[in-house]
Amino acid sequence: MTHLPPPPADLLRDAALFLDFDGTLVELAEHPEAVAVDARLAALIERLSDRLDGRVAIISGRPVSGIRALFGDPHFAISGSHGLEVRWPDGRHERAERPAALDRIVTEMKAFATATSGVLVEEKPLGAALHYRAVPAAETAAHALATRLAADAGLHLQTGKMMVEVRVPGADKGTALHALMQSPAMAGRRPVFLGDDDTDEPAMVAARTLGGAGVLIGAPRDTAAAYRLDTVAQTLHWLEAATESLAA
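Rules and cut-offs
- Residues numbered from 1 in each chain as written.
- Predicted model: local features only at pLDDT ≥ 70, side-chain atom pairs only at ≥ 80, totals over all residues.
- Heavy atoms only, no water.
- UniProt positions renumbered as here; feature names shortened; annotations may be inferred.
- Domains from an automatic or database assignment.
- Buried area = accessible area lost by both parts, 1.4 Å probe.
- Salt bridge = Lys/Arg side-chain N within 4 Å of Asp/Glu carboxyl O.
- Polar contact = N/O pair within 3.5 Å; in protein donor to acceptor, adjacent residues only side chain to side chain.
- Nonpolar A, V, L, I, M, F, W, Y, C, P; charged D, E, K, R; others polar.
- Helix = DSSP H or I, 4+ residues; strand = E, 2+ residues; numbered from the N terminus.
- Buried < 20%, exposed > 50% of the residue type's maximum accessible area, 1.4 Å probe, protein only.
- Contact = heavy atoms within 4.5 Å.

Where an unreviewed UniProt entry is consulted, the chain appears under the name Trehalose 6-phosphate phosphatase, with the organism given as Sphingomonas taxi. Taken directly from UniProt, the Sequence similarities (unreviewed entry) text for the chain runs: "Belongs to the trehalose phosphatase family." The record in UniProt for the chain states the following under Function (unreviewed entry): "Removes the phosphate from trehalose 6-phosphate to produce free trehalose."

What follows is the structure, given as structure tokens:
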């Protein structure tokens, strides 16, 4: 496994910045609703957007509505649901169609969660996820259920940190980054993507393909990223230093 250096402070100069949310900007929580955006993070993203002339976007597995609520209806671009929906700064919202099969999938997942103490179901506009962070022993059963549900409905099986999701196919965080790079503000810039999970790897690859770089957050692992930071705390510190570098 290749040792990755920390990103240089001037990495964002003339760049377009793309940020994962959970595990990158905020610590992972047992339930998505337990996460909050504090004043420090909100101010940091606002400063970054200002210094980069609006070239900032969040690419998350959360739905767009969830990110908007956490940041108080922000003006930056958001790609949610692993690239299946995008809200542009001008308010346009593009989203894939929700399949009827998701209603049955949610029902079966809730039955499983009721029978398995500690498992949580996250309902999304275009998917449903089982979180088993509080009960790691449920991993095998959760994955078996999600695998069956995805196969039966012809949907995509998405794995992540202590979770497994069944969602609409046809997009990922890499396609999201490519789509966002087509916007006039970001076109022709060098993309930089920060993320922590396996679900972020397509965006790492996309950033590298377009002449930019990925930054892995967390423990070393096989990745397409060029740089690495250990923790969310280090990530916020680096973003603050990078923001100051942009003002120099």
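Peer 1: How should the domain arrangement of the chain be read in this particular structure?
Peer 2: It is common to report an interface's size as the accessible area lost on association of the parts. Domain annotation of the chain identifies domain 1 (15-96 + 171-246) and domain 2 (100-167). At the boundary of domain 1 with domain 2, total buried surface from both sides reaches about 1,500 Å², with 62% on carbon and sulfur atoms. Linking domain 1 with domain 2 are one salt bridge, by the criterion used here. Across the pair Lys161 and Asp196 runs a salt bridge whose closest N-O atoms are separated by 2.9 Å. Along the contact surface separating domain 1 from domain 2 lie five residue pairs in polar contact (both at pLDDT 80 or more). Each residue belonging to the side of domain 1 that touches domain 2 can be placed in one class, and the counts come to seven nonpolar, five polar and seven charged.

Peer 1: Help me understand the environment of Gly54 in this model?
Peer 2: Within the secondary structure, Gly54 sits in the loop between helix H1 (39-51) and strand E2 (56-59). On the basis of relative accessibility, which here comes to 30%, the residue Gly54 falls in the partly exposed class. It is 8.5 Å that separates the C-alpha atoms of Gly54 and His75, two residues lying 21 residues apart in sequence. Aside from chain neighbours lying at most four places away, what touches Gly54 is Ser49 and Met186.

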